[in-house]
Amino acid sequence: MKETDQLSAHSMSRRSFLRYTSAAGAAAALTATLAACGSGTSKAAPATAGSTSPGGGTAQATQTPQGTITGTLAYQLSSGFDPMNASAAPALCANAHVFEGLVDLDPITREPYLALAKEQPTVSADGLTWTATLRDGAKFSDGTPVTADDVAWSFNRVVDPANAAIIAGFVPFIESATATGPSTVAIKLTSAFTLFPTRVAVVKIVPKAKTATAALARAFDSNPIGSGPFQVDSSNATTGLVLSNNTAYNGPRPALVSKIVLNTTPDDNARLNDLEGGQSQAIEAVPYANVTSLTKPLTADVAQSFNCLFLMFNCSAPPFNDKRVRQALFYGIDTAKVIATALDGYGVPATSYLDPANPGYQQAATVYSYDPKKAKALLAAAGVSNLSFELVTTNVSFIANSAPVIVDSWKSIGVKATINTLPSASVYSNSVPSNGFRVLAASGDPSIYGADVDLMLRWFYYGKTWPEKRERWTDATAVQVSKLIDQAAAASGTQQRTLWKQIFDIVADEVPLYPLYHIKIPTGVDPTKLTNFKPAKTTGLYFLGVGRKG
């Protein structure tokens, strides 16, 4: 672990804050948002019904948590809960209720609010050190205090290369963190990073005493302890998990219910039955055929998301080491037919890496329309004929429903693929790492961590986990993309958007991993049973500040 100097806290002027957080408009909005929730104490003091809470929702009067909320998720648990490595949608959903960062992003609005930080973190004059003070009396769910040592440890374990943290690629600009007092932490950067005030949300704070050794960390991965309003009581890889309220919590999002049950199933009919039968008050991914036919009072809210079906290739294995072959498979898919058949029209063909609802969206120079003639020409130019391979897919319903239509499209360009559908845990632990892996069709939604362009690009195209270990995309172009991501992170305004556009164009041309379409997410809910529930534009169901009625 890198060492760092002891650093004093620095106060900053509004001008210097704007200078180091981003362009003036975005920074001003961030400053206002954080300041509104950060002055004075951050304890869960009684609130007037209808007042605005830090994340943009409605604050609830302090009350004893009552009742149980049951929701049904569309994905199964395929990873542990340790927030530096959790990647399964149910784990990330649970973690939003269990862990806190210094600053968190509201899962619905994506707006930042102070979580463990007592007040707005301050930046040094050179932009290389941020100092944060913890809220008074914060405790983990086991009753132990959250200390500055815990915070520093949480940051340092993420950036320690020996830990190979899956989220490390989101914060490569962090060098180290040091406790400078019982409740103050200094986070040292290698270079100024304009998005730090919101990106810091990806690092969740964990107790050092429970994660200090490899053995402790393994146990913690299954039995997490956080400082958020809920704690994990039990979990099962196929059926789901149970959360209960953390009685030690004193932050801005107190639990309104005593228990949250999150069922998990990729089966569309099972989720629908849970909602219609009253077992669940909300479900993720209403079956597309049933979106408009739910019986009142049940409703379905449809939102455009990044969540997508992507194709990922083993870019080191012939013939997929030739980008013309990868391009041919995209041109050989009738995407409109896939969306109509598998999603009942609830999706949009990818015209860039990002979905069109993302504020950072720019259309890529290459857009893959259905063009069998061009696909055949690309295969011929690459010297490939009679191409045959196994298409590995996850068992997520819209992926499994799309795969047969994709394979049927490829027949028109002389390509034969056999489908092997597996649970996500098996796909990423067994199939993808194997020497025989060639092509994967799966879902992906990094926007669950945050929707800014830099973060979204880093998930699939930066670091080791996806580009190197899964895509096997390590050539000069992959290195160029990594460098461009770093250059864009240090830029702002028009220059930053120009660099991002260059990256969009490259990954659309190279397609080591690339979306075929972005889905629209229909979330089902019984509004007569929940208070203040709002659907998310990402995977998961979120019940922060949500109560039970009826």
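Details of the structure are given in the entry above.
Cut-offs applied
- Residues numbered from 1 in each chain as written.
- Predicted model: local features only at pLDDT ≥ 70, side-chain atom pairs only at ≥ 80, totals over all residues.
- Heavy atoms only, no water.
- Helix = DSSP H or I, 4+ residues; strand = E, 2+ residues; numbered from the N terminus.
- Buried < 20%, exposed > 50% of the residue type's maximum accessible area, 1.4 Å probe, protein only.
- Contact = heavy atoms within 4.5 Å.
- Areas by Shrake-Rupley, 256 points an atom, 1.4 Å probe, with all protein chains shown as cover.
- Pairing = 2+ DSSP bridges.
- Axes fitted to C-alpha atoms, helices over the stretch in contact; angles between N-to-C directions.
- Polar contact = N/O pair within 3.5 Å; in protein donor to acceptor, adjacent residues only side chain to side chain.
- Phe/Tyr/Trp six-rings, centres within 6.5 Å; stacked < 30°, edge-to-face > 60°.
- 1 Å grid on protein atoms, 1.4 Å probe; cavity = no way out; pocket = protein on both sides within 12 Å on 5 of 7 lines; lining within 4 Å.
- Points joined across faces, edges and corners; volume = space filled by probe spheres on them.
- Nonpolar A, V, L, I, M, F, W, Y, C, P; charged D, E, K, R; others polar.

(A) A look at the overall build of the protein. Broken down by element type, the protein carries 17 helices and 19 strands. Relative to its full complement of 550 residues, the protein shows a buried share of 56%. Intrachain contacts of the protein at a sequence separation of at least 6 include 70% that bridge at least 24 residues. Approximately 20,800 Å² of the protein is accessible, and the part contributed by carbon and sulfur atoms is 51%.

(B) Up close: the sheet that holds strand β6 (residues 174-179). Overall, antiparallel pairing links the 4 strands, which are arranged β4-β5-β7-β6 in an open sheet. Of all the strands in the sheet, just β4 (122-123) and β6 have a single pairing partner and so form its edges. Bridging between β6 and strand β7 (residues 184-189) involves 5 bridges; their strand directions are antiparallel. For Ala177, the partnering residue across the bridge sits in β7 and is Ile187. Those strands touched by helix α4 (residues 148-159) are β6 and β7, and its axis lies near 160° from that of β6.

(C) Quick look at the side chain of Asn95. Within the secondary structure layout, Asn95 lies in helix α3 (residues 89-98). Since its relative accessible area comes to 6%, Asn95 is described here as buried. One polar contact links the side chain of Asn95 to the main-chain carbonyl oxygen of Phe81, over a distance of 2.9 Å. Ignoring sequence-local partners within four residues, the contact set of Asn95 consists of Phe81, Pro83 and Ala86.

(D) Looking closely at the environment of Glu276. Relative to the helices and strands, Glu276 is located in helix α8 (residues 268-276). When its relative accessible area of 43% is taken as the criterion, Glu276 is described as partly exposed. Remark: the alpha-carbon pair of Glu276 and Leu298, spanning 22 residues in sequence, is separated by 7.8 Å. Excluding anything up to four places from it in sequence, Glu276 contacts Leu294 and Leu298.

(E) Inspection of the packing of aromatic side chains at higher detail. Per the counting criterion, the structure on display carries 29 aromatic pairs. Here Phe330 and Tyr368 contribute two aromatic rings whose centre-to-centre distance is 5.2 Å and whose plane-to-plane angle is 40°, an arrangement assigned as tilted. Separated by 38 residues along the polypeptide, Phe330 in helix α9 (residues 323-331) and Tyr368 in the loop between β13 (347-349) and α11 (372-381) bring together distant segments of the chain. Tyr368 matches Phe330 in its accessibility class, with the two residues each being buried. On the basis of an interplanar angle of 75° and a centroid distance of 6.0 Å, the ring pair of Phe330 and Tyr514 is categorised as edge-to-face. Taken together, the residues span a long stretch of sequence, with Phe330 in helix α9 and Tyr514 in strand β17 (residues 513-525) at a distance of 184 residues. Note on Tyr514: relative accessible area 1%, which makes it buried. Three or more aromatic residues link up through ring pairs in this structure, and these residues are Phe170, Phe306, Phe310, Tyr353, Tyr428, Tyr449, Trp459, Phe460, Tyr461, Trp466 and Trp473.

(F) Highlighting empty space enclosed by the protein. What the rule picks out here adds up to 4 cavities of 30 Å³ or more. Of the voids in this model, the largest cavity is the one considered here, and its volume is about 400 Å³. Lining the largest cavity are 24 residues, with Leu92, Asn95, Ala96, Lys204 and Ile448 positioned closest to its centre. Counting residues per element, the lining of the largest cavity draws most heavily on α3, which supplies 3 residues. Grouping the constituent residues of the lining of the largest cavity by class yields 17 nonpolar, 2 polar and 5 charged. Within the residue set of the lining of the second largest cavity, elements represented by two or more residues are α8, α12 (397-411) and β17. By residue class, the composition of the lining of the second largest cavity is 12 nonpolar, 3 polar and 3 charged.

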